[in-house]
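Examining the three-dimensional arrangement
Single-letter residue listing:
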Amino acid sequence: LVSAMNRVQLLGRVGQDPIMRQVEGKNPVTIFSLATNEMWRTGDSEVSQGGEIWHPPLLFLCNLGDISQKTTWHRISVFRPGLRDVTYQYVRKGARIFVEGKIDYGEYTDKNNVRRQATTIIA
């Protein structure tokens, strides 16, 4: 019996080539951004989600409300050694990929000594 679950699945486009970072005394991590899109028609309660833009048939455009789109950017971190290395080597900007992982909420202090919050997907 599962009492709680922290799991997220995303399908989107890679925003930049992955980078690999290593902080002294810690395991390396591959990091990249992923864009997901939501599209809907004004007054429509159904939303199309995914990494691709939804295009309605042109014949029906005059009958539809305005089409709106929202892009959400996600920070993806890959720690597992095999997956981390494959991600760094083969994933490239613009690629459409599926990511599964957990959400991690953290805080850090930026270079101006301002405390910030960050949401990361740990794949």
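Residues numbered from 1 in each chain as written. Predicted model: local features only at pLDDT ≥ 70, side-chain atom pairs only at ≥ 80, totals over all residues. Heavy atoms only, no water.

Turning to unusual backbone geometry, a few remarks are in order. For Asn 113, which is not a glycine, the phi torsion comes out positive at approximately 65 degrees. With respect to the helices, strands and loops of the structure, Asn 113 is situated in the loop between strand S6 (96-109) and strand S7 (115-122). (Helix = DSSP H or I, 4+ residues; strand = E, 2+ residues; numbered from the N terminus.)

Before going further, it helps to spend a moment on the pairing of strand S1 (residues 8-14). For S1 and S6, the ladder comprises 6 bridges, and the chain directions are antiparallel. Within the sheet, the bridge partner assigned to Leu 10 lies in S6 and is Val 99. Of the strand pairs in this sheet, S1 and strand S3 (residues 29-41) are connected by 2 bridges, and their pairing is antiparallel. Along S3, the bridge assignment pairs Arg 13 with Ala 35. (Pairing = 2+ DSSP bridges.)

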